[in-house]
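If you want the building blocks of each chain, they are given just below.
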Amino acid sequence: DQQVKQNSPSLSVQEGRISILNCDYTNSMFDYFLWYKKYPAEGPTFLISISSIKDKNEDGRFTVFLNKSAKHLSLHIVPSQPGDSAVYFCAASAYRQAGTALIFGKGTTLSVSS
Amino acid sequence: DSGVTQTPKHLITATGQRVTLRCSPRSGDLSVYWYQQSLDQGLQFLIQYYNGEERAKGNILERFSAQQFPDLHSELNLSSLELGDSALYFCASSAGGTGASYGYTFGSGTRLTVV
């Protein structure tokens with residue numbers, strides 16, 4: 001059973017517009033959420049995270065929103081740039097639960113066209 | 001360069017064989033995590049070691065095993081290989097036992113092809 005779901009395998013956006021990537025989770029024990037970005041032939045790289053005690057975290061062009069009641073988070077990229085084209089993974093962790101690690105979704109491939 | 005080194009980058013082997021994937025964590029990191037990425041699948045957590053001890057276990061098959069050595073490098077052993085084991089295998093590291101808030105640092109992966 002998938003605990004972290006990214007239901008959109010792909011997303012296409014024009015340069016300068018907003019990209020919104022979505023993620024849903026099922027485990028109410030998750031208390032940290034992270035987004036990773038992956039280019040071809042490279043490993044995933046950490047992008048931004050949010051604690052469950054917050055509902056928003058911003059870092060430059062990247063903002064993550066968390067809706068705990070809906071068990072939903074989203075990553076907003078504004079404005080989108082061609083260099084943002086990559087696979088984006090949502091990940092979650094039950095930080096206080098021993099014996100667990102980051103659980104990843106299947107990823108969303110973002111294509112930003114110029 | 002993320003600081004996490006994985007070798008080899010590519011591996012082609014036949015069904016039934018055994019291979020060993022190696023990972024050197026980022027300097028100072030005590031935890032090593034192994035993930036598998038198959039076609040159309042996300043990153044599936046396999047196993048975590050922290051300072052030489054197994055800390056967490058995910059969807060790791062009995063044919064697979066891992067260990068972390070005193071110098072903190074880790075090896076993932078895959079035996080009786082099947083076609084379905086073809087995947088990208090990633091190693092990641094973190095300073096602490098969970099690393100949840102600041103994430104893990106990933107290597108560039110080992111692509112295993114079983115023929």
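### So, the sheet that holds strand E1 (residues 5-7) of chain B
Backbone-to-backbone hydrogen bonds pair the strands of a sheet. The strands run either parallel or antiparallel.
Residues and elements named next belong to chain B.
So, point 1. The strand order E1-E3-E8-E7 describes an open sheet built from four strands, whose pairing is antiparallel. Across the chains shown, the open sheet's two edge strands, defined by having one partner strand only, are E1 and strand E7 (64-68). Taking the axes of each pair of neighbouring strands and ignoring which way they run, one obtains an average angle of 15 degrees across the sheet.
So, point 2. Alignment of strand E3 (residues 19-24) against strand E8 (residues 74-78), held across five bridges, turns out to be antiparallel.

### Some points on unusual backbone geometry
Residues and elements named next belong to chain A.
So, point 1. Note the cis peptide between Val78 and Pro79, where omega equals -15 degrees.
So, point 2. For Pro79, the location among the structural elements is in the loop between strand E8 (72-77) and strand E9 (86-93).
So, point 3. Of note, the phi angle at Ala41 is positive, near 65 degrees, even though the residue is not glycine.
So, point 4. Inspection of the secondary structure puts Ala41 in the loop between strand E4 (32-38) and strand E5 (45-51).
So, point 5. Residue Lys71 is not a glycine yet carries a positive backbone phi of 50 degrees.
So, point 6. Since its relative accessible area comes to 27%, Lys71 is described here as partly exposed.

What counts and how
Residues numbered from 1 in each chain as written. Chains lettered and ligands numbered in written order. Predicted model: local features only at pLDDT ≥ 70, side-chain atom pairs only at ≥ 80, totals over all residues. Heavy atoms only, no water. Pairing = 2+ DSSP bridges. Helix = DSSP H or I, 4+ residues; strand = E, 2+ residues; numbered from the N terminus. Axes fitted to C-alpha atoms, helices over the stretch in contact; angles between N-to-C directions. Buried < 20%, exposed > 50% of the residue type's maximum accessible area, 1.4 Å probe, protein only.

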